[in-house]
Amino acid sequence: MEELEHTCPHPRTTLTKPAIFARESSCDCRAPHEKLTIAQARRGTPVDRPVRVYADGIFDLFHSGHARALMQAKNLFPNTYLIVGVCSDELTHKFKGFTVMTEFERYEALRHCRYVDEVLRDAPWTLTQEFLEKHKIDFVAHDDIPYSSAGSEDVYKHIKEAGQCYRKMFCLLTVKCTSSSLKALCFYVCVSGMFVPTQRTEGISTSDLITRIVRDYDVYARRNLQRGYTAKELNVSYINEKKYRLQNQVDRMKEKVRTVEEKSKHFVYRVEEKSADLIQKWEEKSREFIGNFLELFGPDGTWKQVFQERSGRMLSYALSPRGSPCNSPPRELSPLRSPSPPCPPARWHNARPSPPNSPKGASASISSMSEGDEDEK
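First, a word on scope: everything that follows refers to the structure included in this document.

Description of the packing of helix H9 (residues 217-227) against helix H10 (residues 238-297)
A pair of packed helices is characterised by two quantities: the angle between their axes and the separation of those axes. It is the contact of H9 with H10, at a shortest axis distance of 9 Å, that shows an interaxial angle of 80°. The orientation of H9 with respect to H10, classified from their angle, is roughly perpendicular. Residues Tyr-217, Asp-218, Ala-221, Arg-222, Leu-225 and Gln-226 of H9 form the contact with H10, whose own contacting residues are Glu-241, Tyr-244, Arg-245, Gln-247, Asn-248, Asp-251 and Arg-252. Here the contact of H9 with H10 is built from residues that sort into four nonpolar, three polar and six charged.

Right, here's the structure in full:
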(Lines give C-alpha, C1' and ligand atoms only; values in the text may rest on other atoms or scores of the structure.)
Protein backbone atom coordinates (compact mmCIF):
# COMPACT_ATOMS: atom_id res chain seq x y z
CA MET A 1 0.00 0.00 0.00
CA GLU A 2 1.42 3.31 -1.08
CA GLU A 3 1.97 5.73 1.78
CA LEU A 4 0.61 9.23 1.09
CA GLU A 5 2.58 12.30 2.18
CA HIS A 6 1.07 15.42 3.64
CA THR A 7 0.74 18.38 1.28
CA CYS A 8 -0.86 20.79 3.76
CA PRO A 9 -0.04 24.47 3.22
CA HIS A 10 2.60 25.83 5.56
CA PRO A 11 2.47 29.11 7.47
CA ARG A 12 3.50 32.21 5.60
CA THR A 13 7.09 33.26 5.98
CA THR A 14 6.63 36.65 4.30
CA LEU A 15 4.25 39.51 4.96
CA THR A 16 4.47 41.21 1.58
CA LYS A 17 1.25 39.67 0.29
CA PRO A 18 -2.22 39.39 1.87
CA ALA A 19 -3.51 36.05 3.09
CA ILE A 20 -5.23 33.74 0.63
CA PHE A 21 -8.96 33.04 0.48
CA ALA A 22 -9.97 29.49 1.31
CA ARG A 23 -11.56 27.37 -1.37
CA GLU A 24 -14.42 24.95 -0.74
CA SER A 25 -11.97 22.66 0.95
CA SER A 26 -9.10 24.57 2.48
CA CYS A 27 -6.93 21.47 2.66
CA ASP A 28 -6.61 19.27 -0.44
CA CYS A 29 -4.15 16.93 1.19
CA ARG A 30 -5.06 13.25 0.52
CA ALA A 31 -3.06 11.91 3.43
CA PRO A 32 -5.16 10.82 6.41
CA HIS A 33 -5.60 13.66 8.90
CA GLU A 34 -4.71 12.37 12.34
CA LYS A 35 -5.97 14.39 15.26
CA LEU A 36 -3.24 15.96 17.37
CA THR A 37 -3.13 16.29 21.10
CA ILE A 38 -2.14 19.53 22.77
CA ALA A 39 1.05 17.89 24.00
CA GLN A 40 1.98 16.85 20.47
CA ALA A 41 1.12 20.28 19.09
CA ARG A 42 3.23 22.02 21.73
CA ARG A 43 6.20 19.80 20.90
CA GLY A 44 5.93 20.89 17.27
CA THR A 45 5.03 17.49 15.89
CA PRO A 46 4.38 16.24 13.30
CA VAL A 47 7.11 17.89 11.28
CA ASP A 48 5.45 17.17 7.93
CA ARG A 49 2.44 19.41 8.55
CA PRO A 50 1.54 22.45 10.70
CA VAL A 51 -1.11 22.49 13.42
CA ARG A 52 -4.33 23.77 11.89
CA VAL A 53 -6.01 26.27 14.25
CA TYR A 54 -9.37 27.85 13.48
CA ALA A 55 -10.66 31.20 14.82
CA ASP A 56 -13.90 32.81 13.72
CA GLY A 57 -15.83 35.99 14.34
CA ILE A 58 -17.56 39.03 12.85
CA PHE A 59 -14.49 41.31 12.95
CA ASP A 60 -16.53 44.47 12.40
CA LEU A 61 -14.45 47.67 12.71
CA PHE A 62 -11.29 45.59 12.89
CA HIS A 63 -9.25 46.87 15.84
CA SER A 64 -6.32 45.97 18.07
CA GLY A 65 -8.43 43.63 20.23
CA HIS A 66 -9.12 41.47 17.18
CA ALA A 67 -5.46 41.52 16.17
CA ARG A 68 -4.28 40.53 19.65
CA ALA A 69 -6.71 37.60 19.77
CA LEU A 70 -5.43 36.36 16.40
CA MET A 71 -1.86 36.85 17.58
CA GLN A 72 -2.54 34.57 20.56
CA ALA A 73 -4.13 31.96 18.30
CA LYS A 74 -1.15 32.10 15.94
CA ASN A 75 1.34 31.66 18.79
CA LEU A 76 -0.44 28.77 20.52
CA PHE A 77 1.98 26.24 19.01
CA PRO A 78 5.43 26.41 17.42
CA ASN A 79 4.10 25.52 13.95
CA THR A 80 0.60 26.98 13.52
CA TYR A 81 -1.44 27.46 10.39
CA LEU A 82 -4.18 29.95 11.32
CA ILE A 83 -7.50 29.80 9.50
CA VAL A 84 -9.89 32.69 10.23
CA GLY A 85 -13.59 32.31 9.48
CA VAL A 86 -15.63 35.47 8.83
CA CYS A 87 -19.43 35.35 8.94
CA SER A 88 -21.40 36.91 6.10
CA ASP A 89 -23.72 39.90 6.38
CA GLU A 90 -26.79 37.67 6.10
CA LEU A 91 -25.88 35.54 9.12
CA THR A 92 -24.60 38.51 11.14
CA HIS A 93 -27.71 40.64 10.57
CA LYS A 94 -29.88 37.67 11.42
CA PHE A 95 -28.22 36.56 14.66
CA LYS A 96 -26.40 39.66 15.94
CA GLY A 97 -27.42 42.87 14.20
CA PHE A 98 -26.41 45.42 11.63
CA THR A 99 -22.70 45.91 10.96
CA VAL A 100 -20.77 49.04 10.11
CA MET A 101 -18.52 47.35 7.55
CA THR A 102 -19.76 45.13 4.76
CA GLU A 103 -18.65 41.49 4.57
CA PHE A 104 -16.23 42.23 1.72
CA GLU A 105 -14.62 45.02 3.75
CA ARG A 106 -14.30 42.65 6.68
CA TYR A 107 -12.79 39.94 4.49
CA GLU A 108 -10.17 42.35 3.18
CA ALA A 109 -9.38 43.62 6.69
CA LEU A 110 -8.59 40.06 7.81
CA ARG A 111 -6.49 39.33 4.74
CA HIS A 112 -4.10 42.13 5.68
CA CYS A 113 -3.52 40.96 9.24
CA ARG A 114 -0.04 39.47 9.46
CA TYR A 115 -1.10 36.62 11.79
CA VAL A 116 -3.66 35.19 9.36
CA ASP A 117 -2.68 32.46 6.90
CA GLU A 118 -6.06 31.83 5.31
CA VAL A 119 -9.47 33.56 5.31
CA LEU A 120 -12.62 31.46 5.17
CA ARG A 121 -15.54 33.46 3.77
CA ASP A 122 -19.17 32.87 4.77
CA ALA A 123 -18.21 30.94 7.88
CA PRO A 124 -20.97 29.06 9.74
CA TRP A 125 -22.47 30.58 12.88
CA THR A 126 -22.23 27.32 14.81
CA LEU A 127 -19.39 24.89 14.25
CA THR A 128 -20.39 21.36 13.31
CA GLN A 129 -18.35 18.17 13.26
CA GLU A 130 -18.71 17.95 9.50
CA PHE A 131 -17.28 21.46 9.09
CA LEU A 132 -14.30 20.69 11.34
CA GLU A 133 -13.55 17.45 9.50
CA LYS A 134 -13.97 19.08 6.08
CA HIS A 135 -11.34 21.72 6.79
CA LYS A 136 -9.19 19.31 8.87
CA ILE A 137 -9.14 21.61 11.89
CA ASP A 138 -7.14 20.49 14.91
CA PHE A 139 -8.10 23.21 17.43
CA VAL A 140 -10.60 26.04 17.79
CA ALA A 141 -9.36 29.28 19.41
CA HIS A 142 -11.67 31.82 21.02
CA ASP A 143 -12.00 33.67 24.30
CA ASP A 144 -13.53 31.67 27.14
CA ILE A 145 -16.40 34.12 27.80
CA PRO A 146 -19.77 32.53 26.87
CA TYR A 147 -20.99 33.85 23.52
CA SER A 148 -24.78 33.83 23.68
CA SER A 149 -26.54 33.93 20.32
CA ALA A 150 -29.04 32.09 18.14
CA GLY A 151 -31.02 30.87 21.14
CA SER A 152 -27.93 29.35 22.78
CA GLU A 153 -26.15 30.38 25.95
CA ASP A 154 -22.81 29.71 24.29
CA VAL A 155 -22.25 28.79 20.64
CA TYR A 156 -18.94 27.11 21.61
CA LYS A 157 -20.51 25.11 24.43
CA HIS A 158 -20.49 21.74 22.62
CA ILE A 159 -16.79 22.10 21.78
CA LYS A 160 -15.91 23.07 25.36
CA GLU A 161 -18.00 20.24 26.82
CA ALA A 162 -16.32 17.70 24.59
CA GLY A 163 -13.03 18.43 26.28
CA GLN A 164 -14.67 18.37 29.72
CA CYS A 165 -16.24 14.96 29.00
CA TYR A 166 -12.85 13.62 28.02
CA ARG A 167 -11.38 14.93 31.26
CA LYS A 168 -14.13 13.33 33.34
CA MET A 169 -13.59 10.06 31.54
CA PHE A 170 -9.86 10.31 32.20
CA CYS A 171 -10.47 10.86 35.92
CA LEU A 172 -12.70 7.78 36.14
CA LEU A 173 -10.36 5.59 34.16
CA THR A 174 -7.19 6.55 35.97
CA VAL A 175 -8.67 5.21 39.19
CA LYS A 176 -9.33 1.78 37.71
CA CYS A 177 -6.54 1.57 35.14
CA THR A 178 -3.60 -0.72 35.87
CA SER A 179 -1.93 -1.31 32.50
CA SER A 180 0.33 1.32 31.02
CA SER A 181 -1.30 1.08 27.58
CA LEU A 182 -4.72 1.87 29.01
CA LYS A 183 -3.32 4.83 30.95
CA ALA A 184 -1.77 6.17 27.76
CA LEU A 185 -5.11 5.83 25.99
CA CYS A 186 -6.87 7.67 28.81
CA PHE A 187 -4.29 10.49 28.66
CA TYR A 188 -4.79 10.83 24.89
CA VAL A 189 -8.56 11.07 25.33
CA CYS A 190 -8.14 13.66 28.04
CA VAL A 191 -6.00 16.09 26.08
CA SER A 192 -7.82 15.67 22.79
CA GLY A 193 -10.19 18.59 23.48
CA MET A 194 -10.34 21.01 20.55
CA PHE A 195 -11.11 24.31 22.30
CA VAL A 196 -8.14 26.53 23.24
CA PRO A 197 -9.03 29.78 25.07
CA THR A 198 -7.50 33.16 24.31
CA GLN A 199 -7.56 36.33 26.41
CA ARG A 200 -9.73 39.33 25.56
CA THR A 201 -8.21 42.81 25.45
CA GLU A 202 -9.99 44.95 28.02
CA GLY A 203 -11.19 48.41 27.05
CA ILE A 204 -11.52 47.81 23.32
CA SER A 205 -14.26 46.10 21.36
CA THR A 206 -16.58 46.80 18.45
CA SER A 207 -19.40 47.64 20.85
CA ASP A 208 -17.15 50.11 22.67
CA LEU A 209 -16.28 51.85 19.41
CA ILE A 210 -19.94 52.09 18.37
CA THR A 211 -20.77 53.46 21.84
CA ARG A 212 -18.18 56.18 21.39
CA ILE A 213 -19.63 57.09 17.99
CA VAL A 214 -23.18 57.27 19.35
CA ARG A 215 -22.02 59.32 22.35
CA ASP A 216 -20.20 61.84 20.16
CA TYR A 217 -22.64 61.68 17.26
CA ASP A 218 -23.10 65.46 17.06
CA VAL A 219 -19.37 66.03 16.78
CA TYR A 220 -18.97 63.49 13.97
CA ALA A 221 -22.08 64.76 12.15
CA ARG A 222 -20.80 68.35 12.25
CA ARG A 223 -17.37 67.26 11.07
CA ASN A 224 -18.77 65.26 8.14
CA LEU A 225 -21.11 68.10 7.15
CA GLN A 226 -18.09 70.36 7.09
CA ARG A 227 -16.24 67.85 4.89
CA GLY A 228 -18.98 67.87 2.27
CA TYR A 229 -21.40 65.10 3.25
CA THR A 230 -25.08 65.87 2.82
CA ALA A 231 -27.67 65.78 5.56
CA LYS A 232 -29.42 62.94 3.75
CA GLU A 233 -26.28 60.81 3.76
CA LEU A 234 -25.88 61.41 7.50
CA ASN A 235 -29.62 60.92 8.19
CA VAL A 236 -29.77 64.37 9.79
CA SER A 237 -32.97 66.42 9.89
CA TYR A 238 -33.24 69.90 8.37
CA ILE A 239 -33.27 71.63 11.75
CA ASN A 240 -30.27 69.69 13.02
CA GLU A 241 -28.42 70.41 9.80
CA LYS A 242 -28.91 74.16 10.24
CA LYS A 243 -27.92 73.86 13.90
CA TYR A 244 -24.75 71.96 13.07
CA ARG A 245 -23.80 74.40 10.34
CA LEU A 246 -24.32 77.33 12.71
CA GLN A 247 -22.18 75.61 15.32
CA ASN A 248 -19.49 75.05 12.70
CA GLN A 249 -19.52 78.76 11.85
CA VAL A 250 -19.28 79.64 15.55
CA ASP A 251 -16.37 77.25 15.93
CA ARG A 252 -14.62 78.80 12.92
CA MET A 253 -15.07 82.26 14.43
CA LYS A 254 -13.68 80.99 17.74
CA GLU A 255 -10.73 79.51 15.91
CA LYS A 256 -10.08 82.82 14.15
CA VAL A 257 -10.29 84.70 17.46
CA ARG A 258 -7.95 82.16 19.02
CA THR A 259 -5.54 82.57 16.12
CA VAL A 260 -5.62 86.36 16.45
CA GLU A 261 -5.04 86.05 20.19
CA GLU A 262 -2.06 83.80 19.60
CA LYS A 263 -0.64 86.21 17.05
CA SER A 264 -1.23 89.18 19.34
CA LYS A 265 0.43 87.34 22.21
CA HIS A 266 3.39 86.63 19.99
CA PHE A 267 3.50 90.28 18.90
CA VAL A 268 3.26 91.53 22.49
CA TYR A 269 6.00 89.13 23.50
CA ARG A 270 8.23 90.43 20.73
CA VAL A 271 7.46 94.05 21.68
CA GLU A 272 8.24 93.29 25.31
CA GLU A 273 11.46 91.64 24.28
CA LYS A 274 12.40 94.58 22.06
CA SER A 275 11.42 97.10 24.76
CA ALA A 276 13.48 95.24 27.33
CA ASP A 277 16.49 95.40 25.03
CA LEU A 278 15.86 99.10 24.34
CA ILE A 279 15.49 99.91 28.03
CA GLN A 280 18.71 98.07 28.77
CA LYS A 281 20.50 100.05 26.07
CA TRP A 282 19.03 103.28 27.43
CA GLU A 283 20.24 102.42 30.89
CA GLU A 284 23.73 101.70 29.60
CA LYS A 285 23.80 104.95 27.62
CA SER A 286 22.47 106.96 30.58
CA ARG A 287 25.09 105.47 32.90
CA GLU A 288 27.76 106.29 30.36
CA PHE A 289 26.42 109.87 29.96
CA ILE A 290 26.23 110.43 33.71
CA GLY A 291 29.75 109.09 34.17
CA ASN A 292 31.10 111.36 31.47
CA PHE A 293 29.21 114.33 32.92
CA LEU A 294 30.59 113.72 36.41
CA GLU A 295 34.05 113.22 35.02
CA LEU A 296 33.76 116.57 33.26
CA PHE A 297 31.69 118.69 35.68
CA GLY A 298 32.12 116.85 38.98
CA PRO A 299 33.82 118.20 42.13
CA ASP A 300 37.20 117.04 40.84
CA GLY A 301 36.31 117.13 37.19
CA THR A 302 38.27 118.32 34.20
CA TRP A 303 36.16 121.46 33.73
CA LYS A 304 36.93 122.69 37.27
CA GLN A 305 40.64 122.31 36.70
CA VAL A 306 40.42 124.16 33.38
CA PHE A 307 38.35 126.92 34.99
CA GLN A 308 40.81 127.27 37.83
CA GLU A 309 43.73 127.51 35.43
CA ARG A 310 41.98 130.11 33.28
CA SER A 311 40.88 132.19 36.30
CA GLY A 312 44.46 132.13 37.61
CA ARG A 313 45.79 133.32 34.29
CA MET A 314 43.23 136.14 34.08
CA LEU A 315 44.07 137.26 37.61
CA SER A 316 47.77 137.30 36.83
CA TYR A 317 47.07 139.32 33.66
CA ALA A 318 45.06 141.86 35.68
CA LEU A 319 47.76 142.27 38.33
CA SER A 320 50.78 142.50 35.99
CA PRO A 321 49.78 143.39 32.44
CA ARG A 322 52.34 142.79 29.79
CA GLY A 323 53.94 145.71 27.93
CA SER A 324 54.21 146.03 24.24
CA PRO A 325 57.23 144.29 22.84
CA CYS A 326 60.30 146.48 22.26
CA ASN A 327 61.16 145.01 18.92
CA SER A 328 57.73 145.69 17.41
CA PRO A 329 58.03 147.53 14.06
CA PRO A 330 57.09 151.25 13.97
CA ARG A 331 53.82 152.22 12.43
CA GLU A 332 54.35 153.73 9.00
CA LEU A 333 52.20 156.55 7.82
CA SER A 334 50.44 156.54 4.58
CA PRO A 335 51.66 159.25 2.11
CA LEU A 336 48.13 160.37 1.55
CA ARG A 337 47.51 160.99 5.20
CA SER A 338 48.98 164.03 6.89
CA PRO A 339 50.44 163.58 10.32
CA SER A 340 48.12 164.41 13.08
CA PRO A 341 48.80 167.70 14.81
CA PRO A 342 50.70 167.52 18.01
CA CYS A 343 48.71 167.41 21.09
CA PRO A 344 48.42 170.75 22.86
CA PRO A 345 49.98 171.10 26.22
CA ALA A 346 48.14 169.77 29.11
CA ARG A 347 47.37 173.18 30.38
CA TRP A 348 45.36 173.99 27.26
CA HIS A 349 43.32 170.86 27.70
CA ASN A 350 42.09 171.87 31.02
CA ALA A 351 41.47 175.57 30.12
CA ARG A 352 38.04 176.32 28.97
CA PRO A 353 37.48 179.27 26.60
CA SER A 354 35.44 181.94 28.18
CA PRO A 355 32.31 182.69 26.35
CA PRO A 356 32.23 186.06 24.56
CA ASN A 357 30.55 188.79 26.44
CA SER A 358 29.52 190.71 23.39
CA PRO A 359 29.09 190.28 19.69
CA LYS A 360 32.21 192.25 19.09
CA GLY A 361 34.24 189.95 21.25
CA ALA A 362 32.82 186.95 19.41
CA SER A 363 33.77 188.40 16.07
CA ALA A 364 37.22 189.25 17.35
CA SER A 365 37.73 185.70 18.50
CA ILE A 366 36.60 184.31 15.20
CA SER A 367 38.95 186.64 13.33
CA SER A 368 41.79 185.61 15.56
CA MET A 369 41.07 181.93 14.91
CA SER A 370 41.04 182.52 11.19
CA GLU A 371 44.33 184.36 11.40
CA GLY A 372 45.79 181.49 13.29
CA ASP A 373 44.68 179.15 10.63
CA GLU A 374 46.20 181.30 7.93
CA ASP A 375 49.47 181.34 9.82
CA GLU A 376 49.44 177.55 10.04
CA LYS A 377 48.86 177.39 6.32
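Brief notes about the packing of aromatic side chains
Centre distance and the angle of the planes are the two values used to describe a pair of aromatic rings. Using the criterion set out here, one finds eight aromatic pairs in the structure. Pairing Phe-104 with Tyr-107 gives two aromatic rings, centres 6.1 Å apart and planes at 85°, and the pair type is edge-to-face. Note that Phe-104 and Tyr-107 are positioned in helix H4 (residues 103-111) at a spacing of three residues, about one turn of the helix. The class of Phe-104 is exposed, set by a relative accessible area of 60%. Across the ring face of Phe-21, the terminal group of Arg-121 is positioned such that the distance to the ring centre comes to 4.2 Å.

Describing the pairing of strand E2 (residues 51-57)
On any regular strand, side chains alternate: one points to one face of the sheet, the next to the other face. With seven of seven residues buried, E2 is to be regarded as a mostly interior element. The two faces of E2 match: Val-51, Val-53, Ala-55 and Gly-57 on one face and Arg-52, Tyr-54 and Asp-56 on the other face are all buried. Where E2 meets strand E3 (residues 80-86), seven bridges bridge the pair, whose relative direction is parallel. Opposite Asp-56, over in E3, you have Gly-85 as the bridge partner. The parallel pair E2 and E3 is bridged by helix H2 (residues 64-74), and the resulting crossover is right-handed. Two strands pair when backbone bridges link them, and E2 and strand E5 (residues 139-143) are joined in this way by two bridges, in the parallel orientation. Paired with Tyr-54 across the strands is Val-140, a residue of E5.

Here we look at the sheet that holds strand E4 (residues 118-121)
The strand order E1-E4-E3-E2-E5-E6 describes an open sheet built from six strands, whose pairing is parallel. Lying at the two open borders of the sheet, with one neighbouring strand each, are strand E1 (20-21) and strand E6 (195-198). Against the sheet, H2 contacts E2, E3, E5 and E6, and its axis sits at roughly 145° relative to E3.

Analysis parameters
- Residues numbered from 1 in each chain as written.
- Predicted model: local features only at pLDDT ≥ 70, side-chain atom pairs only at ≥ 80, totals over all residues.
- Heavy atoms only, no water.
- Axes fitted to C-alpha atoms, helices over the stretch in contact; angles between N-to-C directions.
- Helix = DSSP H or I, 4+ residues; strand = E, 2+ residues; numbered from the N terminus.
- Parallel < 35°, antiparallel > 145°, perpendicular 65-115°, else oblique.
- Contact = heavy atoms within 4.5 Å.
- Nonpolar A, V, L, I, M, F, W, Y, C, P; charged D, E, K, R; others polar.
- Phe/Tyr/Trp six-rings, centres within 6.5 Å; stacked < 30°, edge-to-face > 60°.
- Buried < 20%, exposed > 50% of the residue type's maximum accessible area, 1.4 Å probe, protein only.
- Lys NZ or Arg CZ within 6 Å of the ring centre and 35° of its normal.
- Pairing = 2+ DSSP bridges.
- Right-handed = clockwise from strand over helix to strand, strands pointing away.

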